[in-house]
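Structural features, examined
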Number of protein chains: 2
Amino acid sequence: MLYGGIEAGGTKFVCAVGDGDGKIIDRIQIPTTVPAETMPKVIQFFSKFELQAVGIGSFGPVDINLDSPTYGMITSTPKTAWRDYPIVQKVEESLGVPVGFHTDVNAAALGEATFGAAKGLDSCLYMTVGTGIGAGAVVHGKLLQGLSHPEMGHIFVRRHPSDTYKGSCPYHQDCLEGLAAGPAIEKRWGKKGNLLKDRAEVWELEGYYLAQALMNYILILSPKKIILGGGVMKQRQIFPYLFEYLKKAWNGYVPLPELTSKIDEYIVPPALEDDAGITGALLLAKQAGWEGTRT
Amino acid sequence: MLYGGIEAGGTKFVCAVGDGDGKIIDRIQIPTTVPAETMPKVIQFFSKFELQAVGIGSFGPVDINLDSPTYGMITSTPKTAWRDYPIVQKVEESLGVPVGFHTDVNAAALGEATFGAAKGLDSCLYMTVGTGIGAGAVVHGKLLQGLSHPEMGHIFVRRHPSDTYKGSCPYHQDCLEGLAAGPAIEKRWGKKGNLLKDRAEVWELEGYYLAQALMNYILILSPKKIILGGGVMKQRQIFPYLFEYLKKAWNGYVPLPELTSKIDEYIVPPALEDDAGITGALLLAKQAGWEGTRT
Ligand SMILES: Nc1ncnc2c1ncn2[C@@H]1O[C@H](COP(=O)(O)OP(=O)(O)O)[C@@H](O)[C@H]1O
Ligand SMILES: Nc1ncnc2c1ncn2[C@@H]1O[C@H](COP(=O)(O)OP(=O)(O)O)[C@@H](O)[C@H]1O
Ligand SMILES: [Zn+2]
Ligand SMILES: [Zn+2]
């Protein structure tokens with residue numbers, strides 16, 4: 001059985017065909033421009049295969065509420081060409097197969113929980129730090145979803161007293177994403193993150209903000225494993241700073257080895273590396289294949 | 001069938017016997033002093049009944065991990081007489097019935113999700129603002145639990161610029177609980193909360209801090225209903241301040257009626273009033289009766 005997966009990102013769409021057991025058979029990358037340009041290429045790629053179902057992990061916000069009239073749409077995104085775009089309906093109609101749909105980070109969380117760093121656990125949190133900051137969680141073996149999907153990247157953090165950068169979130173200005181995503185790093189320090197490798201203060205401040213976020217996620221969700229991916233986290237030097245700030249913030253409250261001696265086993269990079277999201281999208285396809293599509 | 005419920009609080013134990021469908025048949029209150037004094041009275045009360053099982057919602061931190069050697073204990077509590085007290089084992093051995101065990105706020109969340117304000121929903125959050133601040137959540141119809149139980153009261157919030165009170169949390173000083181629980185109100189303003197009714201600034205500041213906390217809980221957990229209980233929330237005048245601050249913080253990000261026009265239906269006092277916790281404890285008993293006890 002073959003499944004299709006789409007990791008719909010703000011800069012590129014990754015499309016893959018896989019066997020549903022984590023093996024990827026074919027893949028392609030398509031730049032994210034406007035739907036009329038990007039989507040025909042997506043459909044064309046998948047048309048060559050006999051697929052059981054397709055799964056989509058998408059940038060957001062998206063409407064994943066099955067009862068909603070706007071289910072399956074990318075909703076209030078700042079990328080205006082994609083606002084209110086019915087991506088699920090488009091794929092269903094073009095390919096005639098069931099379509100599974102979640103946020104990109106939820107897909108990545110599912111990928112890591114099934115085949116990656118949280119394999120065998122019924123709970124984990126996946127956070128990406130890239131152009132934006134987002135996180136998805138598996139709770140009791142299922143993707144966390146309630147009123148809407150989580151938007152964990154926009155939580156408020158306390159500014160570092162020496163940080164004068166005003167923040168870049170159009171909604172909240174200096175929320176976590178506004179202070180710690182890739183674009184904030186670039187604007188604060190005047191260069192892209194990959195060109196700031198040797199500036200220890202950049203990564204210490206990044207660790208300071210991410211530690212606050214993880215502190216809140218742990219206090220609220222208590223995940224069994226935390227996986228940190230995305231472009232910014234390629235700077236592995238962030239991890240030790242983050243561990244130190246988090247241990248300090250936790251301050252022995254509820255003594256857990258995961259927050260002390262074993263912190264580097266608890267908070268880890270993605271085992272699937274850059275394939276967490278697309279692997280999760282293929283798993284969403286498999287689930288959609290079982291459950292059938294929405295009628 | 002009769003079940004026993006214990007709401008084990010820092011100042012009192014509420015013990016009740018109920019039918020498992022939300023009806024309470026008998027109840028008693030016992031002051032929380034030391035285990036050697038409090039527990040025999042608890043056991044004596046229940047001994048008069050033929051119980052199927054007992055459920056306990058306890059102040060914490062508690063160990064609710066079934067695989068742990070310290071399962072069923074109240075662990076690192078500042079109430080030293082109760083530290084490492086094996087409350088589950090004590091009740092199991094004394095009464096010879098299965099015992100269900102969770103935190104007090106998780107029990108209250110279960111009570112409200114089953115018979116209260118979140119009846120019929122598979123997700124909700126219950127927060128208590130009293131001597132401490134704690135919250136429990138139902139996710140996918142089950143009490144949220146992961147590495148440990150959530151400790152949502154200790155998240156970091158941003159200080160109000162005019163607030164000079166240093167904070168009262170022994171672990172984190174000015175975390176949410178340190179700034180906004182009952183004792184913080186008393187220390188900051190010099191009087192107990194129930195004597196500060198007419199001081200609007202007290203409740204506006206309280207709304208300011210609680211709004212930040214709810215903002216984070218919503219972004220991270222996306223509960224379908226939020227229920228606010230505990231002694232401090234008896235000051236219903238907090239609600240309108242909280243709504244205004246939360247709407248302002250959310251700032252239209254993901255347009256949801258629950259965060260705008262319907263906010264007063266989304267964030268509500270407990271429908272079970274002061275019985276949310278004990279009702280939940282009785283439900284924990286019912287679940288323990290089905291599942292049998294730990295062997
Ligand atoms: N090696 C790196 N070190 C630091 N920052 C990086 C690195 N690679 C990418 N980034 C930053 O991460 C952001 C892109 O995130 P990425 O996860 O690659 O894509 P996206 O979030 O758009 O899917 C950019 O702001 C970029 O500057
Ligand atoms: N009506 C009230 N108005 C304001 N504060 C109150 C009120 N009742 C109790 N409190 C405060 O709440 C705290 C007690 O919380 P409560 O929920 O009653 O018990 P506990 O948290 O100990 O189980 C105390 O700090 C008390 O001053
Ligand atoms: Zn934001
Ligand atoms: Zn604290």
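Here goes a summary of the coordinates provided. (Residues numbered from 1 in each chain as written. Chains lettered and ligands numbered in written order. Predicted model: local features only at pLDDT ≥ 70, side-chain atom pairs only at ≥ 80, totals over all residues. Heavy atoms only, no water.)

1. Here we look at the site of ligand 2
Residue and element names in this part refer to chain B. What surrounds ligand 2 is the set Thr11, Gly130, Thr131, Gly182, Pro183, Gly193, Asn194, Gly230, Gly231, Val232, Lys234 and Gln235. Within the side chain of Thr131, a nitrogen or oxygen atom sits 2.6 Å from an oxygen atom of ligand 2. Among the residues forming the shell around ligand 2, the class breakdown is two nonpolar, nine polar and one charged. (Near = heavy atom within 4 Å. Polar contact = N/O pair within 3.5 Å; in protein donor to acceptor, adjacent residues only side chain to side chain. Nonpolar A, V, L, I, M, F, W, Y, C, P; charged D, E, K, R; others polar.)

2. Here's the deal with the coordination of the zinc ion (ligand 3)
Residue and element names in this part refer to chain A. Surrounding the zinc ion (ligand 3) are the protein donor atoms His154 (ND1), Cys169 (SG), His172 (ND1) and Cys175 (SG), at 2.1 to 2.3 Å. Coordination geometry of the zinc ion (ligand 3): the four donor atoms subtend angles of 104 to 121° at the metal centre, consistent with an arrangement described as tetrahedral. With a relative accessible area of 0%, Cys175 lands in the buried category. (Donors = N, O, S within 2.8 Å, 3.2 Å for Na, K, Ca; no water. Tetrahedral: all angles 85-135°; square planar, octahedral: opposite > 155°, others 65-115°. Buried < 20%, exposed > 50% of the residue type's maximum accessible area, 1.4 Å probe, protein only.)

3. Considering helix α5 (residues 182-189) of chain B
All names here are of chain B. Residues of α5 that are buried: Gly182, Ala184, Ile185 and Arg188. Down the axis of α5, the smallest arc covering the buried residues is 165°, so these residues share one side. Looking at the packing, one finds that the buried side of α5 touches α4 (176-180) and α6 (200-221). Positive backbone phi, approximately 85°, marks Gly190, located one or two places after α5. (Helix = DSSP H or I, 4+ residues; strand = E, 2+ residues; numbered from the N terminus. Arc of directions from axis to C-beta. Contact = heavy atoms within 4.5 Å.)

4. As for unusual backbone geometry
All names here are of chain A. Going from Gly60 to Pro61, the amide bond is cis rather than trans, its omega being 0°. Looking at the element boundaries, Pro61 is found in the loop between β4 (53-58) and α2 (87-95). Phi is positive for Asp84, close to 60°, though the residue is something other than glycine. Structurally, Asp84 can be placed in the loop between β4 and α2. The residue Ser222 is not glycine, and still its phi comes out positive at about 50°. Take Ser222: it is sitting in the loop between α6 (200-221) and β9 (226-229).

5. Remarks on the site of ligand 1
All names here are of chain A. As a matter of local geometry, ligand 1 sits amid Thr11, Gly130, Thr131, Gly182, Pro183, Gly193, Asn194, Gly230, Gly231, Val232, Lys234 and Gln235. Residue Gly231 places a main-chain N or O atom 2.8 Å away from an oxygen atom belonging to ligand 1. Within the side chain of Gln235, one N or O atom sits 2.9 Å away from a nitrogen atom of ligand 1. Calculation on ligand 1 without its partners gives an accessible area of 560 Å², and the protein chains cover 69% of this total. For the shell around ligand 1, the per-class residue count stands at two nonpolar, nine polar and one charged. (Areas by Shrake-Rupley, 256 points an atom, 1.4 Å probe, with all protein chains shown as cover.)

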